[in-house]
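So the chains spell out like this:
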Amino acid sequence: MNPADPDDGPIGLFDSGVGGLTVVAHLLQRLPEESVLYFGDTAHLPYGPRPLEEVRDYAIRIGRYLAAQGAKIVVMACNTSTSAAFDAVQEDLPVPVLGMVEYGVHAALAVARNGKVGVIATQGTVLSGAYERAFRAVREDLQVVQQACPEFVPLVESGATDSPEALAAIQQYIAPLSAQGIDTLVLGCTHYPYLAGTIQQVVGPNVVLVDPAEALVQALERLLDEKGLRRRSPDPPTHRFLVSGDPAAFVAAAHRLLHREILVEKVDIFDAEN
Ligand code: DGL
C-alpha cells in the first residue's frame, strides 16, 4: 500500500463489538478490493443501556482515531452511536461519514406495504427517537412501532444465537410487534442479523426483515465513485480488526459468526490524549 495515496486507505468501521462485522460482511462481498479497518469498542460493550452523551463521546473518539489512522471514509456500523452522534461525528471528522439509520429507513420504505413498520433496536436507539424522526421526515403517515431488545446483544456476543434463551427472548420482543400488524421489520442494531433466521421464523413469512447494511454498502459504493476514492493499488487489500477490550473473546465471536479467521489487536485509544 502506498501511504501517500489516500485512496488506498481503508474504510474505517466501528461498533461496540461484533455487530459491525455484519456490515463488514456485506462490504467484503460487494467491495472486495477495499481494505477494512474495524474498531470494536468491547471495553464499553454494550452501548445500548448507556446514556446517549457517553456513547457520543466514544463515537467521536473512535471516529477521530480511525481518520487519524488513514481511514478515507468512516462507517458508524452501530445504530446506537448513529442515533446518539451521527451529526456530531460528521461535523467533527475530516472524512465522509455514513451511519445506519438513514439506510434502514430507505430500505424499509422500499418494501413497506401497509403503513406499519416495526423497528427492533437497543434501548439507546429507541430512546433517541432517531428512527421515528427519520421515518416521519420522509413519510408522515407511517406508523412506527419500536421495541427495545436488551437481551439480544449479550446473546450474540456470547454466541448463544441458537439457544432456547434466544428463542424465548425473540418471542417475547416480537409478540407486541406482531399484535400491531406490522409488515416490515427493521433490524435496527447491527448485532441482530445474527438472529435473523429465528426472528423471521417467529415473525412469520408475511413480514419483510430489513437489514440496513445492504443499502448502506450500496451507498458506500456510490460515494467511493462520486469522490473518486476507490482503492487503486494492485496489492491485495489489508484488513485490520482492533478492540479496546479482550481480543480473545472477539476472535472467538468473529470466527463463530463471520466464518473467517481474523487477526485482532488490542489498542487503547481512550487515554487522556484522545
Ligand atoms: N451493534 C450496536 C447497534 O447497532 C450496539 C449494540 C450495543 O452495544 O448495545 O446498536
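Calculation criteria
- Residues numbered from 1 in each chain as written.
- Predicted model: local features only at pLDDT ≥ 70, side-chain atom pairs only at ≥ 80, totals over all residues.
- Heavy atoms only, no water.
- Helix = DSSP H or I, 4+ residues; strand = E, 2+ residues; numbered from the N terminus.
- Rg over C-alpha atoms; globule rule 2.2 N^0.38 Å.
- Buried < 20%, exposed > 50% of the residue type's maximum accessible area, 1.4 Å probe, protein only.
- Contact = heavy atoms within 4.5 Å.
- Areas by Shrake-Rupley, 256 points an atom, 1.4 Å probe, with all protein chains shown as cover.
- Salt bridge = Lys/Arg side-chain N within 4 Å of Asp/Glu carboxyl O.
- Pairing = 2+ DSSP bridges.
- Axes fitted to C-alpha atoms, helices over the stretch in contact; angles between N-to-C directions.
- Phe/Tyr/Trp six-rings, centres within 6.5 Å; stacked < 30°, edge-to-face > 60°.
- Core = buried A, V, L, I, M, F, W, Y, C linked by side-chain atoms within 4.5 Å.

K.L.:
Now, about the overall build of the protein: what can you tell me, with residues and values included?
P.N.:
When you go through the protein residue by residue, the secondary structure sums to eleven helices and ten strands. Taking 2.2 N^0.38 as the reference for a compact globule, 274 residues should give roughly 19 Å; the C-alpha atoms of the protein span a radius of gyration of 18 Å, in line with that estimate. Taken along the three principal axes of its C-alpha coordinates, the protein extends 55 × 40 × 35 Å. By residue count, 57% of the 274 residues in the protein fall in the buried class. Once local pairs closer than 6 in sequence are excluded, the contacts in the protein between residues at least 24 apart make up 74%. As displayed, the protein offers around 11,500 Å² of accessible surface, 51% of which is attributable to carbon and sulfur atoms.

K.L.:
Which residues make up the pattern of salt bridges, and what values do they have?
P.N.:
Scanning all chains against the criterion turns up eleven salt bridges. When the shortest N-O distance is used, the salt bridge between Glu-54 and Arg-50 registers 2.6 Å. Measuring nitrogen to oxygen at the nearest pair gives 2.8 Å for the salt bridge that ties Arg-64 to Asp-92. One end of the pair, Arg-64, is in helix α2 (residues 52–68); the other, Asp-92, is in helix α3 (residues 79–92), with 28 residues separating them in the sequence. Each of Arg-30, Glu-33, Glu-221, Asp-225 and Arg-230 takes part in one network of salt bridges that share partners.

K.L.:
Can you lay out the sheet that holds strand β1 (residues 11–15) for me, pointing to particular residues and giving the numbers?
P.N.:
Overall, parallel pairing links the six strands, which are arranged β4-β3-β1-β2-β9-β10 in an open sheet. Of all strands in the sheet, those bounded by a partner on one side alone are β4 (97–99) and β10 (264–266). Adjacent strand axes in the sheet meet at a mean angle of 20° when their direction is disregarded. Direction of pairing for strand β3 (residues 73–76) relative to β4: parallel, over a ladder of three bridges. Along β4, the bridge assignment pairs Val-75 with Leu-98.

K.L.:
Describe the packing of aromatic side chains, naming the residues involved and giving the relevant values.
P.N.:
Taken as a whole, this structure holds nine aromatic pairs when the rule is applied. Judged by centre distance (6.3 Å) and plane angle (65°), the rings of Phe-39 and Phe-270 are edge-to-face. One end of the pair, Phe-39, is in strand β2 (residues 36–40); the other, Phe-270, is in the segment after β10, and 231 residues separate them in sequence. Residue class for Phe-39 comes out buried when judged on its relative accessible area of 0%. Seen from their ring centres, Tyr-47 and Tyr-58 are 5.9 Å apart, and the 20° between their planes marks the pair as stacked.

K.L.:
So, the nonpolar core: which residues are in play, and what are the values?
P.N.:
Within the largest apolar cluster, 75 residues are counted, with the highest numbers of intra-cluster contacts made by Leu-13, Leu-21, Phe-135, Phe-152, Leu-185, Ile-199 and Phe-250. A total of eight residues in this core trace back to one element, the largest contributor, which is helix α10 (residues 212–226). Those residues in contact with Ile-199 that lie beyond four places of it in its chain are Ile-120, Phe-152, Ile-170, Ile-174, Leu-185, Leu-187, Tyr-192 and Leu-209. Listed in part, the 27 residues of the second largest apolar core include Tyr-47, Tyr-58, Val-74 and Ala-84.

K.L.:
Provide a residue-level description of the environment of Asp-87, including the pertinent values.
P.N.:
Mapped onto the secondary structure, Asp-87 falls in helix α3. For Asp-87, a relative accessible area of 52% translates into the label exposed. In the structure, Asp-87 is positioned 92 residues away from Ala-179 in sequence and 34 Å away in space, judged by C-alpha atoms.

K.L.:
Break down unusual backbone geometry for me, citing the residues and quoting the values.
P.N.:
Omega for the bond connecting Leu-45 with Pro-46 falls within 30 degrees of zero, at -5°, which places this linkage in the cis form. Within the secondary structure, Pro-46 is located in the loop between β2 and α2.

Without other data, these values stay purely geometric and don't point to any function.
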